[in-house]
Amino acid sequence: MAYYSDGELSELGFKSLGKNVKISDKASIYDADQIEVGDNSRIDDFCVISGKIRIGKFVHIAPFCLIAGGEKGVFMDDFSGLAYHVLVFSQSDDYSGRSMTNPTVPDAYKQEKKARVSLGRHVIVGAGSIVMPGVEVAEGCAVGAMTFVHKDTLPWGVYFGNPARRIKERKKNLLELEDKLLADLRI
C-alpha cells in the first residue's frame, strides 16, 4: 500500500493531523478542512472520507470503507476501527415517500435525517456492516460482520445481525494491553 508523504498530507489541508498518520494515496478525502486525524492512525486504500470527521489515536480504517460525516459528524474514539467495506452515515434521505430524495434535489423538498455518529473507545466494526445516523456505538463494543446498526449500543457488548442485537458481553482484557502499550510508548 502506498501512503501520502508527510508533505503531501500537509498539502491536503486537514483541520488537524497527528504524528505517524498513514493515509493511502488511493483513499478519497473530501472536505479535509473538517477532518481531524489523531496520532498513529491509518486509512487504507479505496476509502471515501468526507465531511465533519474526528478520528482518534490508534484508529484503523480498512480498505473500501465509507465515512460520510456530513454536517453533524462522525467521531471515532481512540483504538476504534472499521473492517473492510464498513459504511458509516451521519445523514440519510427519508425513503418513506413523504419527501423527495437524492443530492440533486433542493433541501426544501427533502426530509433528511442528520445526526452525529459516535464510535467509542475500543469499538471494532466488522466487515460489511452499516452504521446509521444518530447512533452511538458505546465503548468496547464489537459489531459483527454484516451487521446493521440503527440504534445505540450499551458498553462492552458483542452485537450482530440485522438489526443489531446484543449477543454476549465482550471481555475487557484489552484494557490491560492498552495500559502496557501506552506505558511502553510513554504516552
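Up top is the structure.
Let us look at the structure shown here. Predicted, not measured: the structure shown is a model, and the values here were computed from it. (Residues numbered from 1 in each chain as written. Predicted model: local features only at pLDDT ≥ 70, side-chain atom pairs only at ≥ 80, totals over all residues. Heavy atoms only, no water.)

### Here's the deal with the sheet that holds strand 3 (residues 28–30)
Then, number 1: Read across the open sheet, the 6 strands follow the order 3-6-9-12-17-20; overall the sheet is parallel. The open sheet has two free edges, formed respectively by strand 3 and strand 20 (148–149), since each of these has just one partner strand.
Then, number 2: Inspection of the sheet shows strand 17 (residues 130–131) paired to strand 20 by 2 bridges, in the parallel sense. By the bridge assignment, Ile130 is partnered in strand 20 with Phe148. (Pairing = 2+ DSSP bridges. Helix = DSSP H or I, 4+ residues; strand = E, 2+ residues; numbered from the N terminus.)

### What about the nonpolar core?
Then, number 1: Core analysis: the biggest nonpolar cluster contains 35 residues, and Ile61, Leu82 and Val137 have the highest contact counts within it.
Then, number 2: For this core, the secondary-structure elements that each account for two or more residues are strand 4 (35–37), strand 7 (53–55), strand 10 (74–76) and strand 15 (117–119).
Then, number 3: The contact partners of Val137, leaving out residues within four places of it in the chain, are Ser118, Leu119, Gly120, Val123, Val131, Val143, Val149 and Thr153. (Core = buried A, V, L, I, M, F, W, Y, C linked by side-chain atoms within 4.5 Å. Buried < 20%, exposed > 50% of the residue type's maximum accessible area, 1.4 Å probe, protein only. Contact = heavy atoms within 4.5 Å.)

### Notes on the pattern of salt bridges
Then, number 1: Applying the stated criterion across every chain, the model contains 12 salt bridges.
Then, number 2: Notably, a salt bridge pairs Asp44 with Arg42, separated by 2.7 Å at the nearest N-O pair.
Then, number 3: You can call Arg42 partly exposed: its relative accessible area is 32%.
Then, number 4: Between Lys180 and Asp184 there is a salt bridge whose closest N-O contact spans 3.2 Å. You can see Lys180 and its partner Asp184 sitting in helix 2 (residues 174–185), 4 residues apart, about one turn around the helix.
Then, number 5: One network of salt bridges, with partners in common, ties together Glu71, Asp107, Lys110, Glu112 and Lys114. (Salt bridge = Lys/Arg side-chain N within 4 Å of Asp/Glu carboxyl O.)

### Observations regarding unusual backbone geometry
Working note: non-glycine residues mostly have negative phi, and peptide bonds are mostly trans.
Then, number 1: That bond from Asn162 to Pro163 is cis: its omega, 0°, falls within 30 degrees of zero.
Then, number 2: Even without being glycine, Phe46 reaches a positive phi, approximately 65°.
Then, number 3: Here Phe46 lies in the loop between strand 5 (42–43) and strand 6 (48–50).
Then, number 4: Residue classification places Phe46 among the partly exposed positions, given a relative accessible area of 42%.
Then, number 5: The residue Phe64 is not glycine, and still its phi comes out positive at about 70°.
Then, number 6: Structurally, Phe64 can be placed in the loop between strand 8 (60–61) and strand 9 (66–68).
Then, number 7: According to the relative accessible area criterion, Phe64 is partly exposed, its value standing at 43%.

### Some details on the sheet that holds strand 2 (residues 22–23)
Then, number 1: Across the sheet, which stays open at both edges, the 8 strands sit in the order 2-5-8-11-16-19-21-22 with mixed pairing between neighbours. Edge strands, defined here as strands with exactly one partner in the open sheet, are strand 2 and strand 22 (165–169).
Then, number 2: Where strand 16 (residues 124–125) meets strand 19 (residues 142–143), 2 bridges bridge the pair, whose relative direction is parallel. Considered in strand 19, the bridge of Ile124 is made with Ala142.

### Overview of the packing of aromatic side chains
Then, number 1: For the structure shown, the criterion picks out 2 aromatic pairs.
Then, number 2: Taking the centre distance of 5.1 Å and the plane angle of 20° together, the rings of Phe46 and Phe64 count as stacked. Taken as a pair, Phe46 in the loop between strand 5 and strand 6 and Phe64 in the loop between strand 8 and strand 9 lie far apart in primary sequence, 18 residues in all.
Then, number 3: Aromatic pair Phe58 and Phe79: ring centres 5.0 Å apart, planes at 5°, arrangement stacked. Here Phe58, found in the loop between strand 7 and strand 8, pairs with Phe79, found in the loop between strand 10 and strand 11 (81–82); they are 21 residues apart in sequence, far enough to count as distant.
Then, number 4: Its relative accessible area of 21% is what places Phe58 among the partly exposed residues.
Then, number 5: In this arrangement the basic side chain of Arg116 is found over the ring face of Phe75, its NZ or CZ atom lying 3.9 Å from the centre. (Phe/Tyr/Trp six-rings, centres within 6.5 Å; stacked < 30°, edge-to-face > 60°. Lys NZ or Arg CZ within 6 Å of the ring centre and 35° of its normal.)

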